[in-house]
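# Observations on the three-dimensional arrangement
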Amino acid sequence: MIWPALALVLVFEGLMPFVAPGAWRRVFAEMLRLRDGQIRFFGLICIVSGIALWSWVA
């Protein structure tokens, strides 16, 4: 069950650089300006959202 999920993550991660590489580069440049706390908060939101979605669909 984990391999299809990992494959889907890779597909979604590859969409932005493939479709709009300039925008993807600008997003990364903006991310480099964030403080560690802001990046950790974003990571926490992603983790909580992923767990909530997982429990909803599984």
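Residues numbered from 1 in each chain as written. Predicted model: local features only at pLDDT ≥ 70, side-chain atom pairs only at ≥ 80, totals over all residues. Heavy atoms only, no water.

## Quick word on the pattern of salt bridges
Tallying each qualifying case throughout the model produces one salt bridge. Residue arginine 33 pairs with glutamate 30 through a salt bridge whose shortest N-O separation is 2.6 Å. A relative accessible area of 62% places arginine 33 in the exposed class. (Salt bridge = Lys/Arg side-chain N within 4 Å of Asp/Glu carboxyl O. Buried < 20%, exposed > 50% of the residue type's maximum accessible area, 1.4 Å probe, protein only.)

## Some points on the packing of aromatic side chains
All chains considered together, the criterion is met by one aromatic pair. Plain terms: the ring middles of tryptophan 24 and phenylalanine 28 are 4.8 Å apart, the flat faces sit at 40° to each other, and that makes the pair tilted. Here the residue tryptophan 24 and the residue phenylalanine 28 both occupy positions in helix α2 (residues 21-32), the gap between them amounting to four residues, near one helical turn. A relative accessible area of 35% means that tryptophan 24 is categorised as partly exposed. Judged by its relative accessible area of 43%, phenylalanine 28 is partly exposed. (Phe/Tyr/Trp six-rings, centres within 6.5 Å; stacked < 30°, edge-to-face > 60°. Helix = DSSP H or I, 4+ residues; strand = E, 2+ residues; numbered from the N terminus.)

## As for the confidence of the model for the chain
In the predicted model, the chain carries a mean pLDDT of 92, and 100% of its residues have values of at least 70. When mean pLDDT is taken per element in the chain, α2 scores highest with 94 and helix α1 (residues 2-19) scores lowest with 91. (pLDDT = per-residue confidence, 0-100.)

## So, the environment of isoleucine 45
Structurally, the position occupied by isoleucine 45 is in helix α3 (residues 36-57). Between the C-alpha atom of isoleucine 45 and that of phenylalanine 12, which follows or precedes it by 33 residues, the distance is 18 Å.

## A short note on the packing of α1 against α2
One can describe the packing of α1 onto α2 by two numbers: an axis separation of 5 Å at closest approach and a directional angle of 115°. Taken together, the axes of α1 and α2 are roughly perpendicular relative to one another. Taking contact as the criterion, the partners of Met16, Pro17, Phe18 and Val19 in α1 are, on α2, Pro21, Ala23, Trp24 and Val27. Grouping the constituent residues of the contact of α1 with α2 by class yields eight nonpolar, no polar and no charged. (Axes fitted to C-alpha atoms, helices over the stretch in contact; angles between N-to-C directions. Parallel < 35°, antiparallel > 145°, perpendicular 65-115°, else oblique. Contact = heavy atoms within 4.5 Å. Nonpolar A, V, L, I, M, F, W, Y, C, P; charged D, E, K, R; others polar.)

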